[in-house]
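# Close look at the chain arrangement
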Amino acid sequence: MGSDKQSVGLLETLKMERVRTILTHRYPYPHEHSRHAIIAVVVGCLFFISSDNMHTLIQKLDNNIKWWSMYGCLLGFFYFFSSPFIGKTIKPSYSNFSRWYIAWILVAALYHLPSFLSMGVDLRMNLSLFLTIYVSSILFLLVFHIMFLGLWYIGLVARVAGKKPEILTIIQNCAVLSIACCVFYSHCGNRAILRQKPFERRNSSWFSFWKKEERNTWVSKFIRMNELKDQVCSSWFAPVGSASDYPLLSKWVIYGELACSGSCPGSSDEISPIYSLWATFIGLYIANYVVERSSGWALTHPLSVKEYEELKKKQMKPDFLDMVPWYSGTSADLFKTAFDLLVSVTVFVGRFDMRMMQASMNKVQDGVLQGDILYDHFSEKEDLWFDFMADTGDGGNSSYTIARLLAQPSIRVNTKDSFCVLPRGDLLLIGGDLAYPNPSAFTYERRLFCPFEYALQPPPWYKVEHIAVNKPEVPCGLSELKQYDGPQCFVIPGNHDWFDGLNTFMRYICHKSWLGGWFMPQKKSYFALQLPNGWWVFGLDLALHADIDVYQFKFFVELIKDKVGENDSVIIMTHEPNWLLNCYWNDVSGRNVSHLICDYLKGRCKLRMAGDLHHYMHHSCVSSDKPVYVQHLLVNGCGGAFLHPTHVFSNFSELYGASYKCEAAYPSFEDSSRIALGNILKFRKKNWQFDFIGGIIYFVLVFSMFPQCKLDHILRDDSFSGHMRSFFSTMWDAFMYMLEHSYVSLAGAMLLLMAAITFVPPKLSRKKRVIIGILHVSAHLAAALVLMLLLELGIETCIRHKLLATSGYHTLYQWYRTVESEHFPDPTGLRVRIEQWTFGLYPACIKYLMSAFDVPEVMAVTRSNICKKGLLSLSRGGAAIYYASVFLYFWVFSTPVVSLVFGSYLYICINWLHIHFDEGFSSLRIANYKSFTRFHLKSDGDLEVFTLAVDKVPKEWKLDPDWDGEQPKQMSHLREFPSKWNAAVTQQDPISTVRIVDHFIIPRTEKT
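Predicted, not measured: the structure shown is a model, and the values here were computed from it.

## So, the overall build of the chain
Counting its regular elements, the chain contains 36 helices and 25 strands. Considering only intrachain contacts with a sequence separation of at least 6, the fraction spanning at least 24 residues in the chain is 80%. For the chain, the exposed surface amounts to about 47600 Å²; the carbon and sulfur share of it is 60%.

## Structural notes on helix 27 (residues 744-759)
For helix 27, with 16 residues, the first-to-last C-alpha span of 22 Å sits near the 22 Å given by 1.5 Å per residue. Along helix 27, the residues classified as buried are Ser745, Gly748, Ala749, Leu752 and Ala756. Buried residues along helix 27 cover an arc of 100 degrees about the axis, so they all sit on one side. In this structure, helix 27 carries Leu751 and Thr758 as exposed residues pointing more than 90 degrees from its buried face. Residues of helix 27 that are buried make contact with helix 24 (691-702), helix 26 (720-741) and helix 28 (766-800).

## Things to note about the confidence of the model for the chain
When pLDDT is averaged along the chain, the result is 81, and 75% of the positions lie at 70 or above. Within the model, pLDDT remains below 50 along residues 1-33, and this stretch shows 43 contacts once partners closer than five positions in the same chain are excluded. Every residue in residues 297-301 is under pLDDT 50, and counting partners more than four places away or in other chains gives 11 contacts.

## Section: the pairing of strand 21 (residues 930-937)
Counting buried positions along strand 21 yields 8 of 8 residues, so the element is predominantly enclosed. By the alternation rule, side chains of strand 21 split into Lys930, Phe932, Arg934 and His936 and Ser931, Thr933, Phe935 and Leu937, which are all buried. Of the strand pairs in this sheet, strand 6 (residues 384-389) and strand 21 are connected by 5 bridges, and their pairing is antiparallel. When the bridges of strand 21 are listed, Phe386 appears paired with Phe935. Here strand 21 folds back onto strand 22 (residues 943-950) in antiparallel fashion, the turn holding 5 residues, of which Gly941 has a positive phi close to 95 degrees.

## A word on the sheet that holds strand 15 (residues 569-573)
The mixed open sheet is built from 9 strands, whose spatial order is 5-13-14-15-16-18-17-20-19. Sheet topology places strand 5 (374-375) and strand 19 (654-655) at the edges, where each strand pairs with a single neighbour. Contacting strand 14 (535-539), strand 15, strand 16 (605-610) and strand 18 (630-636), helix 21 (residues 591-601) runs over the sheet at an angle of about 165 degrees to strand 16.

## Side note on the environment of Leu75
Along the chain, Leu75 falls in helix 5 (residues 65-82). Ignoring any residue separated from it by four or fewer positions in sequence, one finds Leu75 in contact with Leu106 and Leu110.

## Let's talk about the pattern of salt bridges
Two side chains carrying opposite charge are able to pair once their charged atoms lie near each other. Under the definition given, this model contains 20 salt bridges. Close ionic contact of Arg404 with Asp989 constitutes a salt bridge, the shortest N to O distance being 3.1 Å. Here Arg404 is found in helix 16 (residues 396-407), whereas its partner Asp989 is found in the loop between strand 24 (981-983) and helix 36 (990-993), with 585 residues between them in sequence. Look at Asp989 and you get buried, because its relative accessible area is 5%. In this structure, Asp671 and Arg674 form a salt bridge, with 3.4 Å as the shortest nitrogen-oxygen distance. Taken together, the residues span about one helical turn, with Asp671 and Arg674 both in helix 22 (residues 669-675) at a distance of 3 residues. By relative accessible area, Asp671 is classed as partly exposed at 28%.

## Focus on the nonpolar core
Core analysis: the largest hydrophobic core is formed by 243 residues, its most contacted members being Leu429, Leu531, Phe538, Tyr698 and Phe706. Here this core gets 18 residues from one element, more than from any other, and that element is helix 33 (residues 876-913). Residue contacts for Phe706: discarding those within four places in its chain leaves Phe699, Met788, Leu791, Glu792, Tyr882, Tyr883, Val886 and Phe890.

## Considering the packing of aromatic side chains
Within the structure shown, the criterion is met by 57 aromatic pairs. Their ring planes at 80 degrees and their centres at 6.2 Å tell us that Tyr101 and Trp104 sit as a pair that is edge-to-face. With Tyr101 and Trp104 both in helix 6 (residues 93-110), this residue pair falls 3 residues apart, about one helical turn. Judged by centre distance (6.4 Å) and plane angle (55 degrees), the rings of Tyr526 and Phe555 are tilted.

## A short note on the side chain of Gln552
Structurally, Gln552 is set in helix 19 (residues 550-562). Here Asp549 takes part through its side chain, which lies 3.0 Å from a polar atom of the side chain of Gln552.

## Describing the state of the cysteines
Tallied over the entire structure, the rule returns 1 disulfide. The disulfide partner of Cys709 is Cys867, and the gap between their sulfur atoms is 2.0 Å. Across the S-S bond linking Cys709 and Cys867, the dihedral sits near -85 degrees, which makes this disulfide left-handed. Residue Cys709 is located in the loop between helix 24 and helix 25 (712-716), and its partner Cys867 is located in helix 32 (residues 855-869); the two are separated by 158 residues in the primary sequence. There is no disulfide at Cys181, and the cysteine sulfur nearest it, in Cys182, is 6.9 Å away. For Cys181, a relative accessible area of 0% gives the class buried.

## Brief notes about unusual backbone geometry
Note the cis peptide between Tyr436 and Pro437, where omega equals 0 degrees. When you line up the elements, Pro437 lands in the loop between strand 9 (427-430) and helix 17 (441-455). With an omega of -10 degrees, the peptide bond between Phe706 and Pro707 qualifies as cis. By the element assignment, Pro707 lies in the loop between helix 24 and helix 25. Of note, the phi angle at Asn533 is positive, near 60 degrees, even though the residue is not glycine. Relative to the assigned elements, Asn533 resides in the loop between strand 13 (527-530) and strand 14. Given a relative accessible area of 22%, Asn533 falls into the partly exposed group. Even without being a glycine, Arg925 presents a positive backbone phi close to 50 degrees. Examined against the element boundaries, Arg925 turns out to sit in the loop between helix 34 (917-922) and strand 21.

## What to know about the packing of helix 17 against helix 18 (residues 503-510)
The N-to-C vectors of helix 17 and helix 18 enclose an angle of 45 degrees; their axes lie 10 Å apart at closest approach. The pairing of helix 17 with helix 18 is recorded here as oblique in orientation. Where helix 17 crosses over helix 18, the two elements pack in a sense that is right-handed. Between helix 17 and helix 18, the contacting residues are Ala441, Tyr444, Glu445 and Phe449 on the first element and Thr504, Phe505, Tyr508 and Ile509 on the second. Among the residues forming the contact of helix 17 with helix 18, the class breakdown is 6 nonpolar, 1 polar and 1 charged.

## Remarks on a nonpolar patch on the surface
Residues Leu151, Trp152, Tyr153 and Ile154 make up a contiguous nonpolar surface patch of roughly 460 Å² in combined accessible area. With respect to the helices and strands, the residue Trp152 is situated in helix 7 (residues 123-153). You can call Trp152 partly exposed: its relative accessible area is 32%.

## Topic: the packing of helix 32 against helix 33
Across the interface, helix 32 lies against helix 33 with an axial gap of 9 Å and an inter-helix angle of 130 degrees. When the interaxial angle is binned, helix 32 and helix 33 end up oblique. For helix 32 against helix 33, the interelement crossing comes out left-handed. Along the contact surface, helix 32 presents Val855, Pro856, Val858, Met859, Thr862, Arg863 and Ile866, while helix 33 presents Gly878, Ile881, Tyr882, Ser885, Val886, Leu888 and Tyr889.

## Description of the side chain of Asn582
Within the fold, Asn582 resides in helix 20 (residues 578-585). Within the structure, the side chain of Asn582 is placed 2.8 Å from the side chain of Ser589, a separation counted as a polar contact. Excluding residues within four positions of it along the chain, Asn582 makes contact with Asp587, Val588 and Ser589.

## Things to note about the pairing of strand 6
The buried fraction of strand 6 is high, at 6 of 6 residues. Here strand 6 shows no split at all, with Leu384, Phe386 and Phe388 on one side and Trp385, Asp387 and Met389 on the other all buried.

## Some thoughts on the environment of Lys938
Locating Lys938 in the fold gives a position in the loop between strand 21 and strand 22. The sequence separation of Lys938 and Pro532 amounts to 406 residues, and the corresponding C-alpha distance is 8.8 Å. In this structure, Lys938 is in contact with Glu382, Asp383, Asn533, Glu944 and Ile1001, ignoring residues within four places of it in sequence.

## Here's the deal with helix 17
Along its 15 residues, helix 17 runs 20 Å from first to last C-alpha, staying within 8% of the 21 Å computed at 1.5 Å per residue. Buried residues of helix 17: Thr443, Tyr444, Arg447, Leu448, Phe449, Cys450, Pro451, Phe452 and Ala455, and no others.

Parameters at a glance
Residues numbered from 1 in each chain as written. Predicted model: local features only at pLDDT ≥ 70, side-chain atom pairs only at ≥ 80, totals over all residues. Heavy atoms only, no water. Helix = DSSP H or I, 4+ residues; strand = E, 2+ residues; numbered from the N terminus. Contact = heavy atoms within 4.5 Å. Areas by Shrake-Rupley, 256 points an atom, 1.4 Å probe, with all protein chains shown as cover. Expected span 1.5 Å × (residues − 1). Buried < 20%, exposed > 50% of the residue type's maximum accessible area, 1.4 Å probe, protein only. Arc of directions from axis to C-beta. pLDDT = per-residue confidence, 0-100. Pairing = 2+ DSSP bridges. Axes fitted to C-alpha atoms, helices over the stretch in contact; angles between N-to-C directions. Salt bridge = Lys/Arg side-chain N within 4 Å of Asp/Glu carboxyl O. Core = buried A, V, L, I, M, F, W, Y, C linked by side-chain atoms within 4.5 Å. Phe/Tyr/Trp six-rings, centres within 6.5 Å; stacked < 30°, edge-to-face > 60°. Polar contact = N/O pair within 3.5 Å; in protein donor to acceptor, adjacent residues only side chain to side chain. Disulfide = S-S within 2.5 Å. Parallel < 35°, antiparallel > 145°, perpendicular 65-115°, else oblique. Left-handed = near helix turned anticlockwise from the far one by under 90°. Nonpolar A, V, L, I, M, F, W, Y, C, P; charged D, E, K, R; others polar. Patch = residues over 30% accessible without salt bridge, like charges linked within 9 Å, V, L, I, M, F, W, Y side chains within 5 Å.

In structure tokens form, the structure reads like this:
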């Protein structure tokens, strides 16, 4: 017992209380050393390349425009392909895959082009050396990790060592290590020793050129970069010794070549500098890994637990989901959405309706529905503040921005002359589309509930898995709903909520009691709220019919007859704004809703509000002799989903025979039209997952035209106009070949044409749809043919200049084996022993790896064989390899172009033809321009309306210190600072940037 006290005291004295947690899996381990190594390697590459004579590159290329053109096209296409991933993190995985993919095929293409030798870079040697070192490093580190895990398993190292390393970390470190060795070899060579002139390093310090008396010479040497490079090579990367110095390693090391004046008799026994560099990097990796996994954070992060927890809080960030990628070719959610929509429309619409089932379970008392659909607990208040929002549950940043504003006890906003304070609403109305792209447990929890719970936390007794079977489940201590004074929420479903037949909505809205800190009493998907001073809210469920069913219609008709007074005012809340959509589609929908408003409410509908369109628009009636059934029309679907344009709906002016004018639009018509330009400039950056669709489509369009064997006439022309004339002539011939002889490409073009015509909105006539579809497909087909010819011309040019297809598929390996024996002597027969021990796998793996890496060589050799002997001369495997190699490059060329063409099509359609408003703005995935509407029902019966908007949504959040420091309360709405996160930049926080974009008052009765 005494020893226990002594040990505790010792821990406290040494401030080593963190030892208690070091051997647990509580803390993650950052393994990003390869990032720093990458920076070092890049800096080294730039230094060495700049130190050589780069001007010789220009001297060689200034008289040959075709090589400049080829370099420009190749690097340009690769840049535009990789531009969406610049600055991205390792997630999503496609971003990281694209980096390695680009590095692979770009280097494989560049090393075949001329003039890199003038820069001191022999890319063939670099590639072959890189692949050899890379494979060796991966195998070596895998063996090390297996041994280390074995030591952990038998208990010889700490428990924390059991955390398995990520294979991606091993691959990254091996790649950086191999690149570093190749950079050294390119610019310092593999000289082991100068027989006639020993290295100056042995008689001087490593940093001798930093001595005070040599600072001036340092400046002069900096100007003469080549001399400085030689000194760095001889001082820092000289051999570490000979094999005789390490007798045990004499049979297991790589030797360096001799460098001397004249002939060099004998062979060198000096260890290769490359081997020394490789062994150093491998040793550093192993040492760092062992220390980290054996001692934990104590060595690398010497902080106490308290200090670490405080630092951890500062670095905490919410795990919000990004905006839904609507044009993703890999999203399972989008395929599920399409399937659910197909099933809902073809199977359930007209056959099964959840609203009928709800109607059959309602309780009727005194002629109207009490408790299930009608709620009157707000009716006795003197005045009331309430909010309206719709279309949330897309990107986490935008959804949380609105939820954070809704949760604040009050919002202070500036007006023209002063400022006003708007208290939090006692009631929150949500107008549907709660989560995108489809209703599921995941989307509801992550895209809807998560942002709202961060904004206003649910009570401590709330459980995620709880099912409310007897709503309303008022908090303990309260006997009825009227006694609850916290914020409440009522929701209607939107079309996206109906994709699964309303199943998820019923589970998460009608059978849950809390949306964050908002209490949800409702039991059905539609409801009626009796508000103070003769105001009502009718929440209608339009389902996928864009109309209410007969049972819902019957309920509201009976309610109007029995409860709604002649001087009362009604707010109709629906999901779809059919007044705008009917005008846009030249259609008539919502007949039952129109019948209810015109024939039963008879002018008592003061306001219709809806979501569905993700913008804000407010229309008011124009005074006339005609009867006015609705005074104000309001659309506000800016609750978190992507932005929709406003200028497309600028022509709306009439509803139910009355005229209307637009009082406010957010964003403005001018801004909306300008934003659409992003389809040309940003389509691929926002929708890089569209690559999987676009690249495959373009390849299918030109599949039958590979290879183009007769390109002599294009290359023979001397003038630019002649080149262009021959180029487009060949392009037309390829198009005619597709029409007359192709099967695959012609079928792909016909399918694409049918899809393009179907894609055009049906509001246009059939003739216009066909014309637009043909023009759209023609642009894609022309672009695909141009790219095909450019790729073929590049391969043909390299073949003519003996840069490709010179000696078969294994050119790189054959060249490497001849150079290897010269520059990496093997007096002890190490390579022969490794080949025997691996049963020939060692040279075979390197051989076929180099062949697989050298995609241009495979493509060129197979292309030459096809042009000489015909396509039928190839086996199925050979044909598959050829088309796969072509696809690897054609995919890079085509994906930026297909995005540019398709984005331009969307821009033209939105701004010129006013079609594709949904497709053209969902592609931009704009999280900005978010808003909600706050109502103040005054004691005199007037309804004051404020629409609050945030132009720019923050992308980075941090833990709010005020929230963290405030004493938690039983009910979160009582807190002064209810939201967990605020913007990382204070000036960008929604509370600071929110502004009023529309303000008007609706009188209860017409003033005389």
